[in-house]
Amino acid sequence: MQKLALRNLLRNKLRTTLTVASLMFALLLLSLLMAFLDLLGSTSGASDNRIIVRSAISLATLLPESYWRQVETLPHVAAVTPLNWFQGVYKDDRPENFFPRFAADPATVFKVYPELSISPQEQQAWAADRRGFVAGKALAVKYGWKVGDSIFIKGDIYPMDLDLVLRGIFTQPRNADQEKVIYFQRQYLEEGIGKRGLIGTYVLRIDSPASEVAVRKAAEAKFENSDFQVRAETEKAFQLSFAEMMGNVKLLFTAIGLAAVISIFFITANTMAMAARERTAEVGVLKTLGFGRGQLLRLVLGESLAVGVLGAALGCGLCAVLMPVVGALLAKMMPIFGTLRMSGGNWATGLSIGVAIGLLSGVGPALGAARLRIVDAVRRVA
Amino acid sequence: MKIPLKYNVRSLFVRKGTTLMTIGSIAFVVLVYVGVLAMAGGLRAAFSAAGDPSNVVVLRDGARSEVESFFGQDKERLLVSLPGVARDAQGQPLATGQALILQILKHAGGGETNVSIRGVEPAAFVIRKQVRLIDGRPFTPGKAEVIVGRKLAAAYPALRLGASVNFGRVPFRVVGIFEAGGSSFESEVWGAVADLNGAFRRISNYSSALLHAASADDAQALVARIKGDQQLRLTALAEPQYYAEQANVASAQFIVLGNVLAFFLAVGACFAAANTMFAQVSARGHEIGTLRALGFRRHTILLAFMIEAAVLGVVAGVAGSLLALPLNGVTAATMNGVTFSEISFSLRTAPWILGMGVLLALGTGIVGGFPAAWSAARRPITELLREH
């Protein structure tokens, strides 16, 4: 039986190849879409031990510096560091030259991000130089920066340009994204824009993930009746809020994926119908020889299932190979694509779609073959 | 000697099932392509409806959007009184300082996004004639009232007519709903700039100034004058230019996405078209042999099959475009990548977008059909005639 199904598949090699190839491309696309969706929902480097406090109005509104000491004294808070998103332009406007630039406090930033390691000497050197900055190793390698090098960043959100000197390089072996960031002294920014004492976000490290709810509630309650109310959320929730702002992208991608699946269904069903029509007479002969309905059903279904699974496996395989390449290309426009990878879940979904399409597209022809009357079939031989 | 087109079309539909399924698969590819491009088209339309060439947008020097820009009342007064700014019948300048504030609000469908809140002065309604109340009444300055763009009112429960919404610690009442010709303003909340600055405790009162000139040329002169003034430290640009940048940033992602998707799906569909055309050729070996024996040349046969493949593609393209037509006018929302606030827009299946869809399908048919057509033309007559 299996042998017969296999032979049938190879009978029209061109057709099988074309069908498998079209399935492969559709699944390649589907896997790309899925991987992209995973990426949107990912919270790289987020720790359960950190809470972000920001203005309840939006990120574009800043908080007073005086809140710093007040959040520090909340129970369960181990350390607090302020961060201001500077944005700005390094070299040119191209997205590949974009990386996060934060105005930070040298004395506390590494207490809140203990996973970033830096030598005490470099940390001191940074603290001692108002124009100093520290960079993640991945960035330093990308641009060939050495300690002592100067870089220039043109301001856009803030009305000042940065003239910075590299004083240290920090590493985070477990998460490359966290190494693609620079921190410079917030004092430098404050002086440049006239000591306005404004802070974008306060990052809190708490004693344990269990105190998260208590700390968030306490922080929000503390400033409830002040001029600037705050919103406190876990680092994970904070990162996810950006994906949320992308709008109904998820819905769009699901719709596209669905259309792609319908499109491949048409293609495979078409092939199976063509294959079945070609072999009507043969089915008659098999029936005459005593093959039962069930056997014929399995024969045709087995063939289409093989096409479905083969196409899906090739598509997913090709995707796994191509994904890093495609990711690197897309990263030039949107840096988050740099980590585009095929996950186990993507494999599972891709292969199940292959199985489903294989079975569905074979059902019609298989039933046709099983129901065929020998007389009608054999009559067609001539 | 040419083979009549009728022959091609009829041959295609002899094997109805196969042909229809291939048309179906290509049509879905076109649907996806047109759908994604319609998002880009809709975004562009929303932003281009916002720009008037006789208007000038003034920002802080170095800022690229109103969200990044801020300056004080002194500069705003100076800008409004610049010569070159048009005046109304009472001699009042047609100019307004604006504050653009982002506020997190809960979306009706769950989730939260940044919504643009725009503080304006009365002249804003004279300058932006496309803004028109469709429900309720205008806001009264000093009374903590706002009016809401039609697209937002539908999507945010807190912004329905009559609702009360907290800005900073001040409750504002929604007293009117406006439309603005489908422009991006329909994704904004408008109120009196002084009320909003007070509620949000803003130190620098203005994000931008909007100046209306008598003509596009006068607007250019104003731009040059503001840019040339080193003391002001401001930058200016014509309004269409300001919105064109936002349109480009916002629609670029959809254009890239659409093309990447179309490429992969179309390659897949090419194989389907190839399958169909090979089936056509192999089923008609005898027929091709006869045509050749009658004196039709190889290139005529090639052309005939290519025309068949092209017809297949065009029919699929038209079918896919028709499938995509109901998307026209569907409301979608995404993030304005320049201001980081939500922009709602209506999908536009503009004629050029439908045309691109048909072209894609035509290309798929031709590329997919070529190998089969080539093999049909190459096979020797004797071999062809021997087939049944």
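Everything numeric in this text was worked out from a predicted model, so none of it was measured.

Visitor: I'd like to hear about the domain arrangement of chain A, residue by residue, with values.
Guide: Per the domain assignment, the segments making up chain A are domain 1 (2-42 + 247-379) and domain 2 (57-228). Using only C-alpha atoms to locate each centre, domain 1 of chain A and domain 2 of chain A end up separated by 49 Å.

Visitor: Which residues make up the domain arrangement of chain B, and what values go with them?
Guide: Residues and elements named next belong to chain B. When the domains of chain B are assigned, the result is domain 1 (5-48 + 246-386) and domain 2 (55-212). Computed over C-alpha atoms only, the centres of domain 1 and domain 2 are separated by 46 Å. At the level of elements, helix H2 (16-48), strand S11 (331-336) and strand S12 (341-346) are the ones that each hand at least two residues to the side of domain 1 that touches domain 2. Considering every element that reaches the side of domain 1 that touches domain 2, the biggest residue donor is S12, with five residues. For the side of domain 1 that touches domain 2, the residue count by class is seven nonpolar, five polar and one charged.

Visitor: Requested: an account of the nonpolar core, with residues and values cited.
Guide: Ranked by size, the top nonpolar core spans 232 residues in total, and within it Leu29(A), Val32(B) and Leu265(B) carry the most contacts. Per element, the largest residue contribution to this core is 22 residues, and it comes from helix H8 (residues 239-283) of chain B. Among all residues touching Leu265(B), those that are not within four sequence positions of it are Ala26(A), Leu29(A), Ala260(A), Ser263(A), Val29(B) and Val32(B).

Visitor: Give me the lowdown on H8(B), citing residues and values where you can.
Guide: One turn of an α-helix holds 3.6 residues; hence residues three or four places apart share an orientation. In this model, H8(B) (45 residues) spans 62 Å end to end at C-alpha, consistent with the 66 Å of a helix rising 1.5 Å per residue. Of all the bends found along H8(B), the most pronounced is centred on Ser251(B) and spans about 35°.

Visitor: Outline the packing of helix H2 (residues 13-40) of chain A against helix H13 (residues 344-371) of chain A, supporting the account with residue identities and numerical values.
Guide: Residues and elements named next belong to chain A. Between H2 and H13, the shortest axis-to-axis distance is 10 Å and the interhelical angle comes to 145°. Pair H2 / H13 crosses with right-handed handedness. Seen from H2, the contacting residues are Leu-23, Leu-27, Leu-30, Ser-31, Met-34 and Ala-35; seen from H13, they are Asn-346, Thr-349, Gly-350, Ile-353 and Gly-354. Looking at the contact of H2 with H13, its residues break down into six nonpolar, five polar and no charged.

Visitor: Give me helix H3 (residues 73-80) of chain B: which residues, what numbers.
Guide: All names here are of chain B. For H3, every residue scored as buried is listed here: Lys-75, Glu-76 and Leu-79. Angularly, the buried residues of H3 cover 100° about the axis, an arc narrow enough to put them on a single face. In H3, the exposed residues that point more than 90 degrees away from the buried face are Gln-73, Asp-74 and Arg-77. Of the surrounding secondary structure, the elements contacted by the buried residues of H3 are strand S1 (55-60), strand S2 (95-106), strand S9 (208-212) and strand S10 (234-238).

Visitor: Go over the interface of chain A and chain B with me, naming the residues and quoting the values.
Guide: With 40 residues of chain A in contact, the opposing surface of chain B contributes 44 residues. Here the side of chain A that touches chain B gets 13 residues from one element, more than from any other, and that element is helix H10 (residues 249-278) of chain A.

Visitor: Lay out the sheet that holds strand S12 (residues 230-234) of chain A with the relevant residues and their values.
Guide: All names here are of chain A. Reading across from one edge, S4-S7-S8-S6-S9-S5-S3-S11-S1-S12 is the order of the ten strands in this open sheet, with mixed pairing throughout. Strands with a single pairing partner mark the edges of an open sheet, and in this sheet they are strand S4 (89-90) and S12. In terms of strand pairing, strand S6 (residues 132-136) meets strand S9 (residues 182-185) through three bridges, oriented antiparallel. Each bridged residue has a counterpart across the sheet, and for Val-134 the counterpart in S9 is Tyr-183. Sheet strands in contact with helix H5 (residues 120-128) are S6 and strand S8 (162-170), and its direction is about 165° off that of S8. Contacting strand S3 (77-85), strand S5 (101-104) and S9, helix H7 (residues 186-193) runs over the sheet at an angle of about 60° to S9.

Rules of the game
- Residues numbered from 1 in each chain as written.
- Chains lettered and ligands numbered in written order.
- Predicted model: local features only at pLDDT ≥ 70, side-chain atom pairs only at ≥ 80, totals over all residues.
- Domains from an automatic or database assignment.
- Helix = DSSP H or I, 4+ residues; strand = E, 2+ residues; numbered from the N terminus.
- Nonpolar A, V, L, I, M, F, W, Y, C, P; charged D, E, K, R; others polar.
- Core = buried A, V, L, I, M, F, W, Y, C linked by C-beta atoms within 7 Å.
- Buried ≥ 20, exposed ≤ 12 C-beta atoms within 10 Å, placed from the backbone.
- Contact = placed C-beta atoms within 7 Å.
- Expected span 1.5 Å × (residues − 1).
- Bend = angle between axes of the 7 residues up to and from the residue.
- Axes fitted to C-alpha atoms, helices over the stretch in contact; angles between N-to-C directions.
- Left-handed = near helix turned anticlockwise from the far one by under 90°.
- Arc of directions from axis to C-beta.
- Pairing = 2+ DSSP bridges.

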